[in-house]
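Descriptive analysis of the structure
Take a look at the letters that make up each chain.
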Amino acid sequence: MSAMDASHEAGVESSAEPPTRAEARARAKVPATAWISWVALAMMTTSSVASLRAAPTMAVYGLACVFLYLVPAVVFLLPTSLVSAELASGWKGGVYNWVARGISKPMGFLAVWCQFAMTIFYYPSLLGFVASTLAYVINPELASSGVWTAAVIIIVYWSGVWVSSRGTKGVAGLASWGLIIGTLIPGVVLVLLGTVFLGQGNESAAPMTADNILPVWAGLASLVLIVNNFLSYSGMEMNAVHVSSLKNPGKEYPKAMFLAMGMVLLIFILPALAISWVVPADELSLTAGVMQAFDAVFANFGAQWLTPIVGVMLVAASLGGMLTWLAGPSKGLLLISRQEGYLPPFLQRLNKNGVQQNILVVQGIVTTVIGLMYALIPDVSSAYWIFSVITTQVYLIMYLLMFVAALGLRRKYPDHPRGFRAPILGTLCVVGFVASLAALLVGFVPPSQFGGGNAGVYFVIVGGGALGLGLLVPFLFYRLRKPSWKQDAPTEEATEA
C-alpha cells in the first residue's frame, strides 16, 4: 500500500461518520468474553425453578414427599436439562427453531404455542396462591373464599397487563430478589422453626418412620400429585441458552445442573417436610398450606405477628415472577407468528411501547373467565389443583416435541457444531418422553385429594382445557392462516421492550 493510499484511507476513516447505535452495540459485543461460572448458572437455574408454592401439595404425603420429588427429578428434570443444553448450544431461536428443524415447522408452532398457552392457566394458579397468602395478611377466613380468590386473580392480572403494556423495564431484577426474599429466607425460617418445634418434644403431624418413605398405594389416583412436580421442574429449556457462556460447557454444564438439582430438591423437600410436621394432612389447603404452616409455627413460639410479614414476602416474590414472565412467552409467539403468519394481524399488533398488547388482552379475557371459575367451584383447593394440572398438561406437549426433535437433530445433523453434547442422548430422550407422556396421561385421573368430586366433570375440564387449548386452538390457527398474515419483524425497540 502506498503512502498516498494509506493517507487516503486514514482520511476516509477519520472523516467517517460516528457509528450508529446498532454498529456501536455490535462492536461492543465483539469480545464476547462475558463468561459465567458454572456455580452462577446453577444459582440462575435454581432461582427460576425453585419455589415454596408447591410445598403444601407434597406435604400431604409427609416423609414420602422425598421419594415423590426424587422420581420426577431423575426421569424428567435431568433429561430436560441435558437435552435442552445440547439444543441451545447448537441452534439459536429457542424451542420453535429446535422443533421446526428437528420435526417440522407446524410442530415448531405447536411447541411455541404450548409454551405460551400454559401461562394462561399458570397465572390463575399462581395468583390463586397469591390470593390465599394475601388472605392471611388481611383475614385468614378469606383463604377459602372463591369470590376473594377470583377478585384477586382478575385485579392483579390486569394490573400486570397494564404495567407490561407500558414497556416497563427492570422488573427482571424482581425475580432474582424473589428467590432470596420470597423463597430462601421464608424457607430457611420455616425449616429451622419446624426443627425446633420437633426438638421441643412436639409430635410430628405426619409419621416420620421408615415405613412412610414410600407413598401408600391406593390405586392410580394416589400418585396423581406427582404430575404437579413435573411443572415444578419445568423451564429448564429456557436456562439452557446460557450454556454458550460457560468456558468449558462439556464439563461445567453437567456440574451446574447437578448442583442446581441438589439445591432445588432441598428447597422443595425440606419446607414440605416442615409443613407436614406442623399441619395435619386433612387440614392442609393446597393454596394456603404454606401460610398455615407459618401461622402454626409462629403460634407455637408466640410470634404470630410475623405471619403477615412472611405473607407479604411471598406475595412480593410471586408478583415479581408474574411480571417477568407475563410478556416473555407471548413475545416469542409474536415473533414466530409475524415471520410465518401463524396469527391474524390483530394479534400481531404492537402498542406505542412495542408491546404485544392485543395478545395480552385476549389472554387476559381468558384468564378472567378462568378466575371466575374459582368463584363457581366451591372448593378453592380443587380449583387450584385443576388449573395446575391443565398447566402441566399443556406444557408437557411441548416437552414431548422437544425430546423427539432432539433425536431428529442428532440424526439429521450429526456433525453440526454444538457447545455441549448430551451423553447417552437417545436414552435421555426416551426416558424424558416416556415420563412426560405418562405424566400427561395420569393427569386426567382425579387425585385422591379431589374428594368426592365427579370424576367425569374433572376429566372434561382437564381434557377440554389441555387438549382444546394445547392442540385444537393452534390447529385452527394453522389451518386458517393466510399469506397476508406474514409481517415484517418487530422493530428493535419492540423486540427489546
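Residues numbered from 1 in each chain as written. Predicted model: local features only at pLDDT ≥ 70, side-chain atom pairs only at ≥ 80, totals over all residues. Heavy atoms only, no water.

**A short note on the overall build of the chain**
Along the chain, the regular secondary structure elements total 21 helices and zero strands. Buried positions account for 52% of the 497 residues belonging to the chain. Within the chain, contacts between residues separated by at least 24 positions form 82% of all contacts whose residues are at least 6 apart in sequence. When the accessible surface of the chain is summed, it comes to about 21700 Å², and 67% of that surface belongs to carbon and sulfur atoms. (Helix = DSSP H or I, 4+ residues; strand = E, 2+ residues; numbered from the N terminus. Buried < 20%, exposed > 50% of the residue type's maximum accessible area, 1.4 Å probe, protein only. Contact = heavy atoms within 4.5 Å. Areas by Shrake-Rupley, 256 points an atom, 1.4 Å probe, with all protein chains shown as cover.)

**Section: the confidence of the model for the chain**
The predicted coordinates ought not to be read in detail in places where the model reports low pLDDT. For the chain, mean pLDDT is 79; residues scoring 70 or higher make up 81% of the total. Confidence drops under a pLDDT of 50 for residues 1-17, and excluding neighbours within four residues, the segment shows two contacts in the predicted structure. Here residues 491-497 scores under 50 on pLDDT; set against residues more than four positions off or in separate chains, the count is 16 contacts. (pLDDT = per-residue confidence, 0-100.)

**A word on the packing of aromatic side chains**
The full count for this structure, using the stated rule, is 15 aromatic pairs. Here the aromatic rings of Phe-76 and Tyr-399 are separated by 5.0 Å at their centres, their planes lie at 80°, and the arrangement is edge-to-face. Taken together, the residues Phe-76 in helix α5 (residues 65-90) and Tyr-399 in helix α18 (residues 380-412) connect sequence positions 323 residues apart. Comparing Phe-76 with Tyr-399, the two get one shared label, buried. Each member of the aromatic cluster is reached from another via a ring pair, and the members are Phe-109, Trp-113, Phe-116, Tyr-342, Phe-477 and Tyr-478. Sitting over the face of the ring of Tyr-478, Arg-481 holds its NZ or CZ atom 3.8 Å from the ring centroid. (Phe/Tyr/Trp six-rings, centres within 6.5 Å; stacked < 30°, edge-to-face > 60°. Lys NZ or Arg CZ within 6 Å of the ring centre and 35° of its normal.)

**Regarding the environment of Ala-205**
Among the structural elements, Ala-205 can be located in the loop between α9 (172-199) and α10 (226-232). Of the residues examined, Ala-205 reaches a relative accessible area of 35% and is grouped as partly exposed. Taking the C-alpha atoms as reference points, Ala-205 and Pro-280, 75 residues apart in sequence, are found 5.1 Å from one another. Aside from chain neighbours lying at most four places away, what touches Ala-205 is Ser-276, Trp-277, Val-278, Val-279 and Pro-280.

**Observations regarding helix α20 (residues 455-480)**
With 26 residues, α20 extends 35 Å between its outermost C-alpha atoms, agreeing within 8% with the 38 Å of an ideal straight helix rising 1.5 Å per residue. Taken as a whole, α20 carries its principal kink of about 45° at Gly-468. Here α20 has its buried residues at Tyr-458, Val-462, Gly-463, Gly-465, Ala-466, Gly-468, Leu-469, Gly-470, Pro-474 and Phe-477. (Expected span 1.5 Å × (residues − 1). Bend = angle between axes of the 7 residues up to and from the residue.)

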